[in-house]
Amino acid sequence: MNHPWIVYLTAYLGVRIQRARTAPTRGASAVEWVIITAIIAGVALGLATLIKTLVEQKQSDITGTFGGGGDTGGNP
């Protein structure tokens, strides 16, 4: 185990592991990303439901106003 590459690799990995253990935490953790994503998905789903409801209400208003939309291609 005295090959120069093995000695270098062992030293390099030791330094990287020590740096990773002592490094300050930066950025969001995986749990925080999951929570943020769930909130955004919930808001998007709520908005989609609201828009769908409003469109269906307007559709029924228009259908009621024009009595079904006019001639269906039958006799005049």
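Because the structure is a prediction, the values reported are computed rather than measured.

What counts as what
Residues numbered from 1 in each chain as written. Predicted model: local features only at pLDDT ≥ 70, side-chain atom pairs only at ≥ 80, totals over all residues. Heavy atoms only, no water. Helix = DSSP H or I, 4+ residues; strand = E, 2+ residues; numbered from the N terminus. Areas by Shrake-Rupley, 256 points an atom, 1.4 Å probe, with all protein chains shown as cover. Phe/Tyr/Trp six-rings, centres within 6.5 Å; stacked < 30°, edge-to-face > 60°. Buried < 20%, exposed > 50% of the residue type's maximum accessible area, 1.4 Å probe, protein only.

**Observations concerning the overall build of the chain**
Across its full length, the chain carries two helices and zero strands. For the chain, the accessible surface area stands at approximately 7,200 Å², while carbon and sulfur atoms represent 67% of it.

**Things to note about the packing of aromatic side chains**
Using the criterion set out here, one finds two aromatic pairs in the structure. Ring geometry for tryptophan 5 against tyrosine 8: centres 6.4 Å apart, planes inclined by 90 degrees, an arrangement best described as edge-to-face. Taken together, the residues tryptophan 5 and tyrosine 8, both in helix α1 (residues 4–22) and three residues apart, mark about one turn of the helix. Take tryptophan 5 and tyrosine 8: they sit in the same class, and that class is exposed. Every member of this aromatic cluster is reached through a ring pair, and the members are Trp5, Tyr8 and Tyr12.

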